[in-house]
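Chains, contacts and geometry: an overview
Residues per chain, in single letters:
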Amino acid sequence: MAAARMVMVSRFQVPRHFSLAIDPCSIRNPRSSFCSPSASISSSFGQKKLILYSKPGCCLCDGLKEKLHAAFALPGPNSLADVQLQIRDISTNTEWETLYQYEIPVLARVREDGTEETLPRLSPRLGVELLQKKIAAAFHQ
């Protein structure tokens with residue numbers, strides 16, 4: 001299996017299919033979902049979108065990011081290849097920080113109408129395959 005291409009953002013390496021919500025577009029309009037240039041180019045009707053609310057220094061967030069990276073790389077019937085993941089740093093937006101400061105990491109799926117649905121909290125002990133299966137199931141509801 002080919003290794004995922006990584007993009008260096010700040011001091012973190014981020015897989016190419018991840019987008020970060022600390023771009024100028026999200027600073028201008030913090031309520032807009034997926035307004036990064038790469039998202040608007042690849043965005044199409046029916047595109048599956050997943051958001052991870054996180055912040056630097058959160059060990060649970062870092063663990064989930066690693067597992068998500070591995071889950072996105074797994075092939076199979078529960079493949080997440082058609083899902084776009086956006087990582088939002090809650091410390092860059094006061095609204096996100098107020099909502100999620102005691103809850104992170106938080107995963108949310110974006111519905112077709114653009115609203116967000118918070119997914120049930122996943123155990124940090126969850127294996128990569130089961131994580132992939134639970135996320136895939138959230139999009140098939």
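Up top you'll find the structure we're talking about.
It should be emphasised that the depicted structure is a prediction, and the values quoted were computed from it without experimental measurement.

The next thing to look at is the overall build of the chain. Secondary structure summary: the chain contains five helices and seven strands in total. Counting helices and strands in the order they occur from the N terminus, the chain gives β-β-β-α-α-β-α-β-α-β-β-α. Considering the chain as a whole, with its 141 residues, one finds that 38% of them fall into the buried category. Residue pairs at least 24 apart in sequence account for 66% of intrachain contacts in the chain once pairs closer than 6 positions are excluded.

Moving on, we get to the pairing of strand E4 (residues 48–54). Within E4, six of the seven residues are buried, which leaves it mostly tucked inside the rest of the structure. Pairing of E4 with strand E5 (residues 83–89), which is carried by seven bridges, proceeds in the parallel orientation. Across the sheet, the residue bridging to Ile51 is Gln86, located in E5. One ladder, built from five bridges, connects E4 with strand E6 (residues 106–110); its direction is antiparallel. Residue Ile51 lies in a different strand from E6, and its bridge partner there is Ala108.

Right, let's get into helix H3 (residues 59–73). With 15 residues, H3 ought to run about 21 Å at 1.5 Å a step, and its terminal C-alpha atoms sit 22 Å apart, in line with that. For H3, the complete set of buried residues consists of Cys61, Leu64, Leu68, Ala71 and Phe72. Angularly, the buried residues of H3 cover 90° about the axis, an arc narrow enough to put them on a single face. Seen from the open side of H3, the exposed residues pointing more than 90 degrees away from its buried face are Cys59 and Glu66.

Conventions adopted
- Residues numbered from 1 in each chain as written.
- Predicted model: local features only at pLDDT ≥ 70, side-chain atom pairs only at ≥ 80, totals over all residues.
- Heavy atoms only, no water.
- Helix = DSSP H or I, 4+ residues; strand = E, 2+ residues; numbered from the N terminus.
- Buried < 20%, exposed > 50% of the residue type's maximum accessible area, 1.4 Å probe, protein only.
- Contact = heavy atoms within 4.5 Å.
- Pairing = 2+ DSSP bridges.
- Expected span 1.5 Å × (residues − 1).
- Arc of directions from axis to C-beta.

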